[in-house]
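Here are the chains, one letter per residue:
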Amino acid sequence: MSAEPRINDRIRVPEVRLVGPSGEQVGIVPLAKALELAQEYDLDLVEVAANARPPVCKLMDYGKFKYESAMKAREARKNQAHTVIKEMKLRPKIDPHDYDTKKGHVVRFLKQGDKVKITIMFRGREQSRPELGYRLLQRLATDVEDLGFVESNPKQDGRNMIMVLGPHKKKTEAMAEARQAQEARKADAKANPGKSQNAAETEEATGSEDVVETEAPAEASAEA
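Residues numbered from 1 in each chain as written. Predicted model: local features only at pLDDT ≥ 70, side-chain atom pairs only at ≥ 80, totals over all residues. Heavy atoms only, no water.

> So, the side chain of Asp44: which residues are in play, and what are the values?
Inspection of the secondary structure puts Asp44 in strand 3 (residues 44-49). Put simply, Asp44 is tucked away with no salt bridge, and the nearest opposite charge, on Arg10, sits 10 Å away. Here the side chain of Asp44 touches Tyr62 through a polar contact of 3.0 Å, landing on its backbone nitrogen. Beyond its immediate stretch of four places on either side in the chain, Asp44 contacts Asn8, Ala38, Lys58, Leu59, Met60, Asp61, Tyr62 and Gly63. (Helix = DSSP H or I, 4+ residues; strand = E, 2+ residues; numbered from the N terminus. Buried < 20%, exposed > 50% of the residue type's maximum accessible area, 1.4 Å probe, protein only. Lys, Arg positive; Asp, Glu negative; His and termini not counted. Salt bridge = Lys/Arg side-chain N within 4 Å of Asp/Glu carboxyl O. Polar contact = N/O pair within 3.5 Å; in protein donor to acceptor, adjacent residues only side chain to side chain. Contact = heavy atoms within 4.5 Å.)

Pasting the structure below:
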């Protein structure tokens, strides 16, 4: 069945409860009278409550109504928060510099309101030392506990050990904060154009650090 409401001559009832263009209650009128009023106002007669007795109809510009409804739905989809799981891969004997780099990515993901799947990859003899991976995961969880929590405890999966971190901050909150920060940067750029240029050059110079980030709602991975 079509989800579209019946309009104009598609309405097949003897009388309707009519609502005017501004939302005023006209009352129960014969269908012919309602259609006549629609022509006088150069509007459509739209059935808005088909199950009522008699059905409720409203005088409106149906084409404009459909357009505005589509725009609202599009805006709602644009602002919808999708759950995204990022992935970060580590080795049990990772050196301090690499650990700090990986932790920085995890911090950024959690700040964005995304979950992070942490995978410890064991190779060769490392498989006989699962406690190394467990301690590393516990260390990382402690280092980022202000931003996230352990949603799924460490568990062995073949040659890997996996833990999932969930953000304390909701995705919608992170998106709102990101928009506010972007607006603040734009305002600052207008007020200080020289400073904005320097910031852009700095970002370009350090952009390689963001290689694990993806915009698609799929898992992003960074392999150690």
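> Which residues make up the sheet that holds strand 1 (residues 15-19), and what are the values?
Ordered in space as 2-1-4-3, the four strands form an open sheet in which the pairing is mixed. Of all the strands in the sheet, just strand 2 (25-30) and strand 3 have a single pairing partner and so form its edges. Pairs of neighbouring strands in the sheet enclose a mean axial angle of 35 degrees, with direction left out of account. Against the sheet, helix 1 (residues 31-41) contacts strand 1, strand 2, strand 3 and strand 4 (56-60), and its axis sits at roughly 125 degrees relative to strand 2. (Pairing = 2+ DSSP bridges. Axes fitted to C-alpha atoms, helices over the stretch in contact; angles between N-to-C directions.)

> A description of the pattern of salt bridges should follow, citing residues and the corresponding values.
Scanning the model with the defined rule gives five salt bridges in all. One salt bridge connects Glu4 with Lys66, and the closest N-O pair in it is separated by 3.6 Å. Here Glu4 is found in the segment before strand 1, whereas its partner Lys66 is found in helix 2 (residues 62-78), with 62 residues between them in sequence. You can call Glu4 partly exposed: its relative accessible area is 41%. Ionic pairing is found between Arg129 and Glu131, a salt bridge with its closest N-O pair at 2.4 Å.

> Give a description of helix 1 that names residues and reports values.
Along helix 1, the residues that are buried comprise Leu31, Ala34, Leu37 and Ala38. Projected down its long axis, helix 1 carries its buried residues within an arc of 120 degrees, all on one side. Pointing more than 90 degrees away from the buried face of helix 1 are the exposed residues Ala32, Gln39 and Glu40. Elements in contact with the buried residues of helix 1: strand 1, strand 2, strand 3 and strand 4. Of the residues one or two after helix 1, Asp42 is the one with positive phi, at around 60 degrees. (Arc of directions from axis to C-beta.)

> If you had to explain the pairing of strand 8 (residues 160-167) to someone new, which residues and values would you point to?
Burial of strand 8 is extensive: seven of the eight residues sit out of reach of the surface. In this sheet, strand 8 lies alongside strand 6 (residues 115-121) in antiparallel orientation, the contact comprising six bridges. Note that in strand 8 the partner of Lys117 across the bridge is Val164. Sheet analysis places strand 7 (residues 148-157) next to strand 8, joined by seven bridges and oriented antiparallel. For Gln156, the partnering residue across the bridge sits in strand 8 and is Met161. Counted along the chain from strand 7 to the antiparallel partner strand 8, the turn is two residues long, and its residue Gly158 has a positive phi close to 65 degrees.

> Would you mind going over the nonpolar core in detail, with residue names and values included?
Core analysis: the largest hydrophobic core is formed by 19 residues, its most contacted members being Leu90, Val106, Ile118 and Leu165. Listed in part, the twelve residues of the second largest apolar core include Ile11, Val13, Leu37 and Leu59. (Core = buried A, V, L, I, M, F, W, Y, C linked by side-chain atoms within 4.5 Å.)

> Before we move on, could you go through the packing of helix 3 (residues 96-111) against helix 4 (residues 130-143) and cite the residues and values that matter?
Direction vectors running N to C along helix 3 and helix 4 enclose 50 degrees, while the axes themselves pass 11 Å from each other. Classed by the angle they form, the pair helix 3 and helix 4 counts as oblique. Like other packed secondary-structure pairs, helix 3 and helix 4 cross with a definite hand, here right-handed. Where helix 3 approaches helix 4, its residues Tyr99, Lys103 and Val106 are matched on the opposing element by Leu136, Arg139, Leu140 and Asp143. The class makeup of the residues in the contact of helix 3 with helix 4 is four nonpolar, no polar and three charged. (Parallel < 35°, antiparallel > 145°, perpendicular 65-115°, else oblique. Left-handed = near helix turned anticlockwise from the far one by under 90°. Nonpolar A, V, L, I, M, F, W, Y, C, P; charged D, E, K, R; others polar.)

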